[in-house]
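# A structural walkthrough
Chain residues, written in single-letter form:
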Amino acid sequence: MSASTGIGPSTVVSRNEEPIAVEVDDAMVMMSIDQGMYFGLEGVGPRIWALLEQPRSVSDVCAALTQEFEIDTESCLRDVLGFLDELRQAQLIHVHGGTDGTTPSADRI
């Protein structure tokens, strides 16, 4: 589990419904009216954003990505946790808690 985020492999996350998101070429551009900010996702970011349409565990996100891209599970997990930390700091995701019996926070992140 990432000490700075509290997000680990069993943590269930989903995207925040607030930002308006559109695909532009191979990127995702989002605008948060609440925050008055724009955000951009490139590379695998738009795919992760799509996977978070419904709440799912970080492990499930990595399982999907390792099937679609040439990446090992350990590297995927490390990269996804870092990416989710950035989304959390930007208040673009909800963290629902773990699937392993940990207490769900259901906080808006």
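From a predicted model like this one, the values you see are computed outputs, not experimental measurements.

Bringing the sheet that holds strand S4 (residues 37-41) into the picture now. Taken together, the three strands give an open sheet; going across it, the order is S2-S3-S4, and neighbouring strands pair in antiparallel fashion. Each end of this open sheet is capped by a strand with a single partner; those strands are strand S2 (20-24) and S4. Strand-to-strand twist across the sheet, computed as the mean angle between neighbouring axes with direction ignored, equals 20°. Pairing geometry for S2 and strand S3 (residues 27-32), over five bridges, is antiparallel. If you follow Ile20 over to S3, its bridge partner there is Met31.

Before going further, it helps to spend a moment on the pairing of S4. Relative to S4, S3 runs antiparallel, the two sharing five bridges. Paired with Ser32 across the bridge in S4 is Met37. Counting the residues between successive antiparallel strands, the hairpin from S3 to S4 contains four residues, one of them, Gly36, with a positive phi of roughly 65°.

Now for the packing of helix H2 (residues 58-68) against helix H3 (residues 73-89). H3 packs onto H2 with a crossing angle of 125° between their chain directions and a minimal axis gap of 9 Å. The angle between H2 and H3 places the two elements in the oblique class. Crossing angle aside, the handedness with which H2 passes H3 is right-handed. Contacts from Val58, Val61, Cys62, Leu65 and Thr66 of H2 reach H3 at Thr73, Cys76, Leu77, Val80, Leu81 and Leu84. Looking at the contact of H2 with H3, its residues break down into nine nonpolar, two polar and no charged.

Time to look at a nonpolar patch on the surface. On the surface, a nonpolar cluster with roughly 570 Å² of combined accessible area is contributed by Ile20, Val22, Val24, Val29, Ile33 and Tyr38. Looking at which element gives the most residues to the nonpolar patch, the answer is S2, with three residues. Tracing the sequence through the fold places Ile33 in the loop between S3 and S4.

Definitions and cut-offs
- Residues numbered from 1 in each chain as written.
- Predicted model: local features only at pLDDT ≥ 70, side-chain atom pairs only at ≥ 80, totals over all residues.
- Heavy atoms only, no water.
- Pairing = 2+ DSSP bridges.
- Helix = DSSP H or I, 4+ residues; strand = E, 2+ residues; numbered from the N terminus.
- Axes fitted to C-alpha atoms, helices over the stretch in contact; angles between N-to-C directions.
- Parallel < 35°, antiparallel > 145°, perpendicular 65-115°, else oblique.
- Left-handed = near helix turned anticlockwise from the far one by under 90°.
- Contact = heavy atoms within 4.5 Å.
- Nonpolar A, V, L, I, M, F, W, Y, C, P; charged D, E, K, R; others polar.
- Patch = residues over 30% accessible without salt bridge, like charges linked within 9 Å, V, L, I, M, F, W, Y side chains within 5 Å.
- Areas by Shrake-Rupley, 256 points an atom, 1.4 Å probe, with all protein chains shown as cover.
- Salt bridge = Lys/Arg side-chain N within 4 Å of Asp/Glu carboxyl O.

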